[in-house]
Structures are given as C-alpha cells and as structure tokens.
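Take a look at the letters that make up each chain.
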Amino acid sequence: MALRTIITAPDPRLKLVSDPLQEVDDTTRRLMDDMLETMYDAPGIGLAAVQIGVPKRVIVMDLAKEKEGEPKKPMFFVNPKLIWASDEKAICEEGCLSVPDLYEEVERPARVKVSYVDYFGKDQQLDADGMLAVCLQHEMDHLEGTLFIDHLSRLKREMMLKKLIKARKAAEREVAE
Ligand code: GNR
Ligand code: NI
C-alpha cells in the first residue's frame, strides 16, 4: 500500500466527471487500498479517487470512531448510483480533505438508497441515513466534480476559495524559506 497526495481546491482536476469501471480487478483493489491508507492518514472519513487525481468512480469510507477504540470498518463503493432519496432533508456541517480546514453547513436528503459494486466485484445495495447518508452523498458529488462548497451561496463559496488560495500561498512561502 502507498500514501497518495490529496489534491486541494481550486484545482481543475477536482471538477472532472469520473469514469465508471468495467470491472473490479486487482488494480482496482490496489487503488482502493491506497485510497483507504491515504484517508486514514489524513485523517478523514471518506475519499473519492478523483481526490488523488484518479478520475474513476471509486469511493472508500470508514465512519468508525477511532478515538473510542472501535475496530475499523472500511467500506468500498465502485460505480455507486443513487436509487432513491428522501424528500426529508437534513443539515450537517461538512468538511472536505480537498477544502482543508474549512467547514460549513450543507442541506441534503436525510436518507438515500444506493446501488454499487463492492471490493469483490459483487452488486450491492445500501440504505443510508445520518452521517453515512451525508458522507455517501458528499463522495458521490466528487464523482460529478462537485464539492460541498458548490452547495453554498456564491458569496460563501468565493470567500472560501479566497481563503484556500491564501493558505496555499502561505504554505508555499514556508517551503521556500
Ligand atoms: O473527512 C471528511 N469528513 C466529512 C465531514 C462531514 C461531511 C463530509 C465529510 S467527508 C470528508 C472527507 C472528504 O473530503 N471526502 O471527500
Ligand atoms: Ni470531500
């Protein structure tokens, strides 16, 4: 397994629409293993392949809380499709490894049903609510080139992008010194 670099906004590669996979083979599983390691290292609770510069429809997630000593519960989603979304909405404060250190409330359907292909290439379905529903929708957005800041007002989004550019410039200066 290997750690991969997470791309941060504003980077045009995060806007790509990811391609579906024809099958889940060892190369796909190696990608998923690298993604999981990168996500745990960050740390984060989800990661889409496009965030490491691979525009394929692959997502990894783990919502187990590490602090509470829970065992790891990695989840793998290939070619996920939204089958159903509730009319009921829920608001959750979201963050994104590609939008470092910035958080904002986003409203989404409270519950969703998705179909996907798992780590072993098997077709699966999942009903999600709570944080699982939030994270799944956040990750599936990445596959369409959408970030959580794209759900905010233009003013808020542009403020956040300015902060990201400023933070990146500060980091670059630090490296140069
Ligand atoms: O680590 C993450 N935390 C998070 C918190 C609230 C809503 C969504 C997320 S996903 C994010 C990791 C990430 O950027 N995945 O794309
Ligand atoms: Ni994200």
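What counts as what
- Residues numbered from 1 in each chain as written.
- Chains lettered and ligands numbered in written order.
- Predicted model: local features only at pLDDT ≥ 70, side-chain atom pairs only at ≥ 80, totals over all residues.
- Heavy atoms only, no water.
- Pairing = 2+ DSSP bridges.
- Helix = DSSP H or I, 4+ residues; strand = E, 2+ residues; numbered from the N terminus.
- Disulfide = S-S within 2.5 Å.
- Donors = N, O, S within 2.8 Å, 3.2 Å for Na, K, Ca; no water.
- Buried < 20%, exposed > 50% of the residue type's maximum accessible area, 1.4 Å probe, protein only.
- Near = heavy atom within 4 Å.
- Polar contact = N/O pair within 3.5 Å; in protein donor to acceptor, adjacent residues only side chain to side chain.
- Core = buried A, V, L, I, M, F, W, Y, C linked by side-chain atoms within 4.5 Å.
- Contact = heavy atoms within 4.5 Å.

Trainee: So what exactly am I meant to see when it comes to the pairing of strand 5 (residues 99-109) here?
Mentor: It is a general feature of regular strands that their side chains alternate between the two faces of the sheet. Where strand 4 (residues 89-96) and strand 5 come together, 7 bridges link them in antiparallel fashion. Among the inter-strand pairings, Cys 96 is bridged to a residue of strand 5, identified as Val 99. Between the end of strand 4 and the start of strand 5, which pair antiparallel, lie 2 residues.

Trainee: Please clarify how the state of the cysteines should be interpreted in this entry.
Mentor: Formally, a disulfide is one covalent bond, and it connects the sulfur atom of one cysteine to the sulfur atom of another. A complete count under the given rule lists 0 disulfides for this structure. As a non-bridged cysteine, Cys 92 has Cys 135 as the owner of its nearest cysteine sulfur, 9.4 Å distant.

Trainee: Looking at this structure, how should I read the coordination of the nickel ion (ligand 2)?
Mentor: Put simply, the ideal angle at a metal is 109.5 degrees for four donors in tetrahedral geometry and 90 or 180 degrees for six donors in octahedral geometry. Donor atoms from the polypeptide that bind the nickel ion (ligand 2) are Cys 96 (SG), His 138 (NE2) and His 142 (NE2), placed at 2.1 to 2.3 Å. Counting residues between consecutive donors of the nickel ion (ligand 2) along the chain gives the motif C-x41-H-x3-H. One end of the pair, His 138, and the other, His 142, are both in helix 2 (residues 130-143), 4 residues apart, so they sit about a helical turn from each other. In terms of burial, His 138 and His 142 fall into one category: buried.

Trainee: Would you mind going over the site of ligand 1 with me for this structure?
Mentor: Around ligand 1 sit 14 residues in total, of which Ile 45, Gln 51, Leu 97, Glu 139 and His 142 are the nearest. At a separation of 2.8 Å, an oxygen atom of ligand 1 approaches a polar side-chain atom of Gln 51. Elements with a contribution of two residues or more to the shell around ligand 1: strand 4 and helix 2. Looking at which element gives the most residues to the shell around ligand 1, the answer is helix 2, with 5 residues.

Trainee: Looking at this model, I keep getting lost on the nonpolar core. Mind explaining?
Mentor: The nonpolar side chains of a soluble globular protein tend to be buried with one another. Leu 31, Met 32, Met 35, Val 58, Val 60 and Val 78 are the most contacted members of the largest nonpolar core, which has 17 residues in total. At the level of elements, helix 1 (26-41), strand 2 (58-61) and strand 3 (75-85) are the ones that each hand at least two residues to this core. In terms of residues, this core owes the most to one element, helix 1, which gives 5 residues. Among all residues touching Met 32, those that are not within four sequence positions of it are Val 24, Val 58, Val 60, Phe 76, Val 78 and Tyr 119. Grouped together as the second largest cluster of nonpolar side chains are 16 residues, Met 61, Val 112, Tyr 116 and Met 140 included.

All we've got here are geometric facts, nothing functional implied.
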